[in-house]
2 protein chains.
Amino acid sequence: MMDFLEEPIPGVGTYDDFNTIDWVREKSRDRDRHREITNKSKESTWALIHSVSDAFSGWLLMLLIGLLSGSLAGLIDISAHWMTDLKEGICTRGLWFNHEHCCWNSEHVTFEDKDKCPEWNSWSQLLINTDEGAFAYIVNYFMYVLWALLFAFLAVSLVRVFAPYACGSGIPEIKTILSGFIIRGYLGKWTLIIKTITLVLAVSSGLSLGKEGPLVHVACCCGNILCHCFNKYRKNEAKRREVLSAAAAAGVSVAFGAPIGGVLFSLEEVSYYFPLKTLWRSFFAALVAAFTLRSINPFGNSRLVLFYVEFHTPWHLFELVPFILLGIFGGLWGALFIRTNIAWCRKRKTTQLGKYPVIEVLIVTAITAILAFPNEYTRMSTSELISELFNDCGLLDSSKLCDYENRFNTSKGDELPDRPAGAGVYSAMWQLALTLVMKIVITIFTFGMKIPSGLFIPSMAVGAIAGRLLGVGMEQLAYYHHDWAIFNSWCSQGADCITPGLYAMVGAAACLGGVTRMTVSLVVIMFELTGGLEYIVPLMAAAMTSKWVADALGREGIYDAHIRLNGYPFLEAKEEFAHKTLAMDVMKPRRNDPLLTVLTQDSMTVEDVETVISETTYSGFPVVVSRESQRLVGFVLRRDLIISIENARKKQDGVVSTSIIYFTEHSPPMPPYTPPTLKLRNILDLSPFTVTDLTPMEIVVDIFRKLGLRQCLVTHNGRLLGIITKKDVLKHIAQMANQDPDSILFN
Amino acid sequence: MMDFLEEPIPGVGTYDDFNTIDWVREKSRDRDRHREITNKSKESTWALIHSVSDAFSGWLLMLLIGLLSGSLAGLIDISAHWMTDLKEGICTRGLWFNHEHCCWNSEHVTFEDKDKCPEWNSWSQLLINTDEGAFAYIVNYFMYVLWALLFAFLAVSLVRVFAPYACGSGIPEIKTILSGFIIRGYLGKWTLIIKTITLVLAVSSGLSLGKEGPLVHVACCCGNILCHCFNKYRKNEAKRREVLSAAAAAGVSVAFGAPIGGVLFSLEEVSYYFPLKTLWRSFFAALVAAFTLRSINPFGNSRLVLFYVEFHTPWHLFELVPFILLGIFGGLWGALFIRTNIAWCRKRKTTQLGKYPVIEVLIVTAITAILAFPNEYTRMSTSELISELFNDCGLLDSSKLCDYENRFNTSKGDELPDRPAGAGVYSAMWQLALTLVMKIVITIFTFGMKIPSGLFIPSMAVGAIAGRLLGVGMEQLAYYHHDWAIFNSWCSQGADCITPGLYAMVGAAACLGGVTRMTVSLVVIMFELTGGLEYIVPLMAAAMTSKWVADALGREGIYDAHIRLNGYPFLEAKEEFAHKTLAMDVMKPRRNDPLLTVLTQDSMTVEDVETVISETTYSGFPVVVSRESQRLVGFVLRRDLIISIENARKKQDGVVSTSIIYFTEHSPPMPPYTPPTLKLRNILDLSPFTVTDLTPMEIVVDIFRKLGLRQCLVTHNGRLLGIITKKDVLKHIAQMANQDPDSILFN
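As the structure is a prediction and not an experimental result, all values here were calculated from the model. (Residues numbered from 1 in each chain as written. Chains lettered and ligands numbered in written order. Predicted model: local features only at pLDDT ≥ 70, side-chain atom pairs only at ≥ 80, totals over all residues. Heavy atoms only, no water.)

1. Let's talk about helix 1 (residues 23–40) of chain A
Residues and elements named next belong to chain A.
Part 1 of the argument: Here helix 1 spans 26 Å end to end across 18 residues, near enough to the 26 Å set by a 1.5 Å rise per residue.
Part 2 of the argument: Where helix 1 is concerned, the buried positions are W23, V24, R25, E26, K27, S28, D30, R31, D32, R35 and I37.
Part 3 of the argument: Measuring from the side-chain oxygen of the N-cap residue of helix 1 to the backbone nitrogen of V24 gives 3.1 Å; that N-cap residue is D22. (Helix = DSSP H or I, 4+ residues; strand = E, 2+ residues; numbered from the N terminus. Expected span 1.5 Å × (residues − 1). Buried < 20%, exposed > 50% of the residue type's maximum accessible area, 1.4 Å probe, protein only. Polar contact = N/O pair within 3.5 Å; in protein donor to acceptor, adjacent residues only side chain to side chain.)

2. Here we look at the domain arrangement of chain A
Part 1 of the argument: Taken domain by domain, chain A holds domain 1 (321–389 + 421–566) and domain 2 (583–737).
Part 2 of the argument: The C-alpha centroid of domain 2 of chain A is placed 52 Å from the C-alpha centroid of domain 1 of chain A. (Domains from an automatic or database assignment.)

3. Topic: the pairing of strand 5 (residues 620–624) of chain B
All names here are of chain B.
Part 1 of the argument: Taking burial as the measure, the five residues of strand 5 include five buried ones, the bulk of the element.
Part 2 of the argument: Covered by surrounding structure in strand 5 are G620, P622 and V624 together with F621 and V623, the residues of both alternating faces.
Part 3 of the argument: In this sheet, strand 5 lies alongside strand 3 (residues 599–600) in parallel orientation, the contact comprising two bridges. When the sheet's bridge partners are listed, T600 is paired in strand 5 with V624.
Part 4 of the argument: As defined by bridge partners, strand 5 adjoins strand 6 (residues 632–637) across five bridges and the pair is classed as antiparallel. Looking across to strand 6, one finds that V624 is bridged to L632. (Pairing = 2+ DSSP bridges.)

4. Structural notes on the UniProt feature "transmembrane region" (unreviewed entry) in chain A
Residues and elements named next belong to chain A.
Part 1 of the argument: Per the UniProt entry, the sites bearing "transmembrane region" (unreviewed entry) are residues 56–76, 134–156, 243–267, 317–338, 358–375, 428–448, 455–474 and 502–527 in this numbering.
Part 2 of the argument: Regarding residues 56–76, the helix share stands at 100% and the strand share at 0%, and the terminal C-alpha atoms are separated by 30 Å.
Part 3 of the argument: Across residues 358–375, the secondary structure splits into 83% helix and 0% strand, with the terminal C-alpha atoms separated by 26 Å. (UniProt positions renumbered as here; feature names shortened; annotations may be inferred.)

5. Notes on the sheet that holds strand 8 (residues 678–679) of chain A
Residue and element names in this part refer to chain A.
Part 1 of the argument: With respect to topology, three strands assemble into an open sheet ordered 4-7-8, the strand pairing being mixed. Both outer strands of the open sheet, strand 4 (604–605) and strand 8, are each paired with one neighbouring strand and no more.
Part 2 of the argument: When strand 4 meets strand 7 (residues 660–662), the two strands line up antiparallel, connected through two bridges. When the bridges of strand 7 are listed, T605 appears paired with I660.

6. Re the pairing of strand 12 (residues 719–725) of chain A
Across a regular strand the side chains alternate sides, sitting on one face of the sheet and then on the other.
All names here are of chain A.
Part 1 of the argument: Where strand 11 (residues 711–716) meets strand 12, six bridges bridge the pair, whose relative direction is antiparallel. For H716, the partnering residue across the bridge sits in strand 12 and is R719.
Part 2 of the argument: Where strand 11 folds back on strand 12, the antiparallel hairpin that results is connected by two residues, among which N717 adopts a positive phi of roughly 45 degrees.

7. Some points on the relation of the copies chain A and chain B
Part 1 of the argument: Note on the copies: chain A fits chain B at an RMSD of 0.1 Å, the axial shift is 0.0 Å, and the rotation between them is 180 degrees. Such a turn and shift between the copies fits a two-fold axis. Measuring from the rotation axis to each C-alpha of chain A, the shortest distance belongs to A:G718, at 2.6 Å.
Part 2 of the argument: Most of the interface of chain A is mirrored in chain B, where 100% of its interface residues are also at the interface. (Least-squares fit on C-alpha atoms with pLDDT ≥ 70 in both. Contact = heavy atoms within 4.5 Å.)

8. Section: the sheet that holds strand 7 (residues 660–662) of chain B
Part 1 of the argument: With mixed pairing, three strands are arranged side by side in an open sheet as 4-7-8 (chain B). In this open sheet, the two strands that pair with only one neighbour each are strand 4 (604–605) and strand 8 (678–679) of chain B.

9. Considering the nonpolar core
Part 1 of the argument: Among the nonpolar cores identified, the biggest contains 383 residues, and A:F390, A:I724, B:F390 and B:I724 are the most heavily contacted of them.
Part 2 of the argument: The contacts of B:F390, once residues within four sequence positions are left out, are B:F307, B:V309, B:F311, B:M460, B:A464, B:R468, B:G501, B:A504, B:M505 and B:A508. (Core = buried A, V, L, I, M, F, W, Y, C linked by side-chain atoms within 4.5 Å.)

10. Here's the deal with the side chain of A:S521
Part 1 of the argument: Relative to the assigned elements, A:S521 resides in helix 21 (residues 520–530).
Part 2 of the argument: Aside from chain neighbours lying at most four places away, what touches A:S521 is A:G261, A:L264, A:F265 and A:E268.

11. Details of the state of the cysteines
Residues and elements named next belong to chain A.
Part 1 of the argument: The tally for this structure, following the rule as stated, stands at two disulfides over all chains.
Part 2 of the argument: Residue pairing for C91: its cysteine sulfur links by disulfide to C102, the two sulfurs lying 2.0 Å apart. Where C91 bonds to C102 through sulfur, the torsion about that S-S bond is close to 80 degrees, and the disulfide is right-handed. Highlighted residues: C91 in strand 1 (residues 89–91) and C102 in helix 3 (residues 99–104), separated in sequence by 11 residues. A single burial state applies to C91 and to C102, both of which are buried.
Part 3 of the argument: Summary of cysteine pairing: C229 is not part of a disulfide, and the nearest cysteine sulfur, belonging to C227, is at 8.6 Å.
Part 4 of the argument: You can call C229 exposed: its relative accessible area is 56%. (Disulfide = S-S within 2.5 Å.)

12. Some remarks on helix 22 (residues 536–553) of chain B
Part 1 of the argument: Its 18 residues place the ends of helix 22 of chain B 26 Å apart at the C-alpha level, agreeing with the 26 Å of an ideal helix rising 1.5 Å per residue.
Part 2 of the argument: By the burial criterion, the buried members of helix 22 of chain B are B:I536, B:P538, B:L539, B:M540, B:A541, B:A542, B:A543, B:M544, B:T545, B:S546, B:A550 and B:D551.

13. Regarding the pattern of salt bridges
Part 1 of the argument: One pass over the structure, following the stated rule, counts 58 salt bridges over all chains.
Part 2 of the argument: In this structure, A:D54 engages A:K232 in a salt bridge whose closest nitrogen and oxygen atoms are separated by 3.9 Å. Taken together, the positions of A:D54 in helix 2 (residues 45–86) and A:K232 in helix 9 (residues 231–234) put the pair 178 residues apart, joining distant regions of the chain. Each member of the pair A:D54 and A:K232 is classed as buried.
Part 3 of the argument: Salt-bridge contacts for B:R29 lead to B:E26; the nearest nitrogen and oxygen are separated by 3.2 Å. Here B:R29 pairs with B:E26, and both are found in helix 1 (residues 23–40), just three residues apart, close to one helical turn. (Salt bridge = Lys/Arg side-chain N within 4 Å of Asp/Glu carboxyl O.)

14. A few points about the interface of chain A and chain B
Part 1 of the argument: Counting residues at the interface gives 71 residues for chain A, matched by 71 residues for chain B.
Part 2 of the argument: Summed over both sides, the interface of chain A with chain B buries roughly 6500 Å², with 68% coming from carbon and sulfur.
Part 3 of the argument: Three residues stand out in chain A for area buried against chain B, namely A:R31, A:W280 and A:N717, and they jointly supply 11% of the buried area on that side.
Part 4 of the argument: In this structure, the connection of chain A to chain B is made through six salt bridges.
Part 5 of the argument: Among the ionic pairs, A:K580 bridges to B:D32, the shortest N-O distance being 3.0 Å.
Part 6 of the argument: Each residue belonging to the side of chain A that touches chain B can be placed in one class, and the counts come to 42 nonpolar, 12 polar and 17 charged. (Buried area = accessible area lost by both parts, 1.4 Å probe. Nonpolar A, V, L, I, M, F, W, Y, C, P; charged D, E, K, R; others polar.)

15. Some details on the UniProt feature "domain: CBS" (unreviewed entry) in chain A
Residues and elements named next belong to chain A.
Part 1 of the argument: Here, the residues flagged by UniProt with the feature "domain: CBS" (unreviewed entry) are residues 587–651 and 683–743.
Part 2 of the argument: As annotated, residues 587–651 comprises 37% helix and 23% strand, and the C-alpha atoms at either end are separated by 38 Å.
Part 3 of the argument: The distance from the first to the last C-alpha atom of residues 683–743 is 32 Å, and the span holds 36% helix and 30% strand.

16. A short note on the packing of aromatic side chains
All names here are of chain B.
Part 1 of the argument: The full count for this structure, using the stated rule, is 45 aromatic pairs over all chains.
Part 2 of the argument: When the centroid spacing of 5.0 Å and the interplanar angle of 50 degrees are considered together, the rings of F323 and Y503 count as tilted. Of this pair, F323 sits in helix 13 (residues 320–350) while Y503 sits in helix 20 (residues 500–516); the two residues are 180 residues apart in sequence, bridging distant segments of the chain.
Part 3 of the argument: Look at Y503 and you get buried, because its relative accessible area is 0%. (Phe/Tyr/Trp six-rings, centres within 6.5 Å; stacked < 30°, edge-to-face > 60°.)

17. A word on the environment of B:L126
Residues and elements named next belong to chain B.
Part 1 of the argument: Secondary-structure assignment places L126 in helix 4 (residues 123–128).
Part 2 of the argument: Sequence-wise, L126 and G89 are 37 residues apart; in three dimensions their C-alpha atoms are separated by 8.1 Å.
Part 3 of the argument: When residues no more than four places from it in sequence are discounted, the contact partners of L126 are I90 and N121.

18. Some points on the packing of helix 22 (residues 536–553) of chain A against helix 12 (residues 279–296) of chain B
Part 1 of the argument: At a minimum axis distance of 12 Å, the contact between helix 22 of chain A and helix 12 of chain B shows a crossing angle of 150 degrees. Considering the angle they form, helix 22 of chain A stands roughly antiparallel to helix 12 of chain B. For the element pair helix 22 of chain A and helix 12 of chain B, the recorded crossing hand is left-handed. Where helix 22 of chain A approaches helix 12 of chain B, its residues A:I536, A:V537, A:M540, A:A543, A:M544 and A:K547 are matched on the opposing element by B:W280, B:F283, B:F284, B:L287 and B:F291.
Part 2 of the argument: A breakdown of the residues in the contact of helix 22 of chain A with helix 12 of chain B according to their chemical character gives 10 nonpolar, no polar and one charged. (Axes fitted to C-alpha atoms, helices over the stretch in contact; angles between N-to-C directions. Parallel < 35°, antiparallel > 145°, perpendicular 65-115°, else oblique. Left-handed = near helix turned anticlockwise from the far one by under 90°.)

So, in structure tokens, the structure goes:
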């Protein structure tokens, strides 16, 4: 694209903040660099070593990303666990023990009540020396709310003061960045540090949010920062995005302990320009990250996965009916959540509300904590809740959810027959129903606040509760009515027919699918949690139904909705453009506008060009042979033009306002005694993309997507007619979808 | 691209055999069709139902493909199993029982010797009434070779007579077809029928080949045939290729029982233009196929996977050294195999050898059978061999490979300590070493013969043997030298340190990786076989090493090498074009050639155009405003032009040789009394792709790949200068890689 034989002027070829990169140019630059290294490698041993190390630097980078993001994830897990327990009490054996570790080696622990040991002191025990009675309850309640508020306050303040980009889940922005947008500092070291700290605080505060989405952001920050150690990646925006895409895979990999699911997530959701090339490296990074996390062993069970489940009963074909019902529920929840959450976020953006983020966070935290404490299912951390809901009741399980009447004691091994529910199950059902309502409402207001907040865990919790409720209902139905036609073929009395934990899992997948619209990656993540192909069909049925239902109510997933809310220039790669418009309908100038601003190749003076620059705001100008012929020569970027002229005025002797600028190979013939000319062919893009004015927009959109263009010139019968920028394309798409085209804010 | 308001002439917009499709045009046509259906759907209920059924037809198609390919795979498995056993004997209880089923319910079977039962009669028992002695051995030997020759003869004859396309693995051709090439009949019903039958015959004949690759071809045939039931897919080459890509996933899914691996294989290896859009549907098809196969249950063990393995011992970090050694072996084998196999295939193509395919097959079969019978590891089917090699020796295993001296009987459960090898193991090692040599040599000559033959299983067998040999060696080393520094930290006496089965598995992955250069999909397929993330790291280390070693010795995988050997126009999507050439170096006409053949938009007569058509062989012509200006208007395809002119001469009154053909919107002004003009704007592509002459070829290659172009026009300062076709690009790439550019045969 450019002439690299001459020494480049510093600054030429870089981008401003909040601008879109030119993928083609970046890739070209990388290939030039690669060619140069390869050619040199034949000259000396040193150059050969340099060439080999350059080739392997990508793998080294992946290794480092995996190690760093795995370690950070372990650190976050451990600290969040400790601080969550801090809300309830402290360990007298050592302040640094969380509840579980505190009672781990205690001699006083009975099997029935693993969580009670004298070393662990609740706040009431510490402060008023008792754990009984209403007053102790109030003390504990008060301390719980107080800690929650303290954590939330710290989190929101740190974000506001040090790194405003650390809030939210980060996935919408990462999608946008990977599609070629530049947001300086979004993946910087401050964001990394503050996001790591505030994520722990936010999770510990008991708010209805998860750490899984933000972990992707954290991993991408690691990737971006580590890129600075390697020339190859530091200087090239396209190469850096390849690394970020792998880092996103590592993030999901540590979030769920699902490396393959992580790679597919990166492929399906966040990658944009290079889906396949980095597949193998992403996989490597994801695996390293997962194994680093496992060797840190934050869950204390040597398991790689967040929720390890093992079911003993196969599912029956008839059960697809409740699974599909769960899918419908998930789809409805997804669509409802996206609508209400976006409406609320829009309100926050446009009204006074947005000006008091600290107060907002404190209010939501206070409400969450006050409502959460009395109900054990809301008080426990959301990931613990999900674990418990996924769990298949064994013989020795002592939780309320497993309080069945053990009428038939004919169990063999782990297989338990369906039993009638006991009082504990019924009361758990009521509490879970309340939890469901609370989670649904509070999550809508939580996601989007100015603290790090992920959506995976709350969505999964909603689905898991709904699923467990339905599962227990089905189980009891099958127990009491095993003579019904729908049951009697496969569910005889005393058999173990229905696993409520599986329903919880299917529900979780359905709700997560409804909100994020993930498909394959979702099923694979869930598959990696169970480790058996057996349950893929239920998961798939629910995920498919959920996606269809949610899509019918609104095409966008939550991340795309947030991208649109923020006006980022993201060109969706999966949606087909369905309208029958032509390039001439979209290009600038419009029919009645003044003519397109062009430069001529060898007849404009420095002053002329400077006037054009100051009178317009376009980010680039086509260069033509002459204004009469309108025959296109190339395209020059505004930023490069400004830098080059400034540079020439400073350094090149005799360049004045009346100097002729020329973009041709050879200087045009000049009369004598004119000031020296200025050659700018080296900043001219000699292969601008062109389409004809009659090209259907669907093809133009495709070209923009696939080639990662910033702009494209429009010709008619060989004459230059206009220009289409990425922003024009996005505005046109918004317009055709009856949305406000001015919602696209950036270039 | 085209004007669809007028009734299209039949034939316009279709392709000739051995031509490349225009992806952009096909996609445009599909979108037009979709738009039409969506618009109509608002008019009547019937149209609405049509629109909905159209939207869901894709899913229905996937379901059918899954069911059909799963059933066919089951059928092939069962018949191949039966016919393989037929070489050794028959069941007197019923001819349709294979050896295993024959002895299944027999009362006379002892636990130690599951395979011996009176109902199963070897040929010597049937013919000379004894199974003992040298003569019986010779009879069995003779019958074994005879059956093998019969099966092979039948297979090669059927292929030759009915469906020449049924030979080989089919994957190179499927890759080419998915990239947009047309080979009529390659995925037709005859190919399907004959390939299914001959695949069973070929596998049963005992040749060193597998059924996994051809199963992908079979699944793609199913996909292609089922496409004919749906208008949406029958008429559109691009849509059909989306279906084929999903069918390929279903094929791998049934071949290995690995649905996720199948989807990734399709994504990594065969898909071309639409990697992500069809991911979810591919996954659905792969899953349906896998479950169909499982319900047919050909392996008789309710397992989904081909080789089910369960290991009990974790691996130690030090073991990465032998794993990497296996990776190096795999890479060397891959590179060696590709070179020698391609050299042999080239010899077959260019010399007399290729004219006697039947004799070739018979000779190779005879040699294979004669060498195979005396050695039990070559006599058994290759997949059985791999199963046995992967197997971790349990306490009750009676095979020779597990004949260890059971010195310490302190085993708990399934965990066995490392033990010294017994005589059986040593003799098995020798036999395996012989098997290894034989498989390596014979596979080179087998792959590429005129019978269906897959490469997965023989490659895996080579690797598994090497791995098992190394594994047993390591095991014995660790047993006898557990005081060595490398062992004493982790392998105390009497511990179970080393699992030879795992080494076999790692070796199989390494060899398969060396031959096919699969990466992620390979690891995921292997992961699905073991079902535990535990062993991903060894597999990945071996696969990575193997790919690096093999790539260092030759960039191409076996499929790409065969594509090049056959001269198919396949533009590799993963390799970057690394040379610094420009579009002007590649375009036609070359510097000293006559000018580019163009049509003018409104001044050529029918006769002029017919002269141009008959004097040239180009498949399309640019249309310009006038010869002087060389300003490009559009591009017209030769085939469309011929059909349209013929059609006009037949049906349109007054069109004669002197009629003016015009491509403009309005007819040019004509003097009175001239013959009626012929308007051909409807076949004119008004949005041809153009690049400038100074565009680097790396960008041009990228455009061809990503947009799926057939040709691209080259301009200089707005004037038409030349044309680059896909064939030109491929020839240029071959030339830059120092290969013969004339090896590219088709358009």
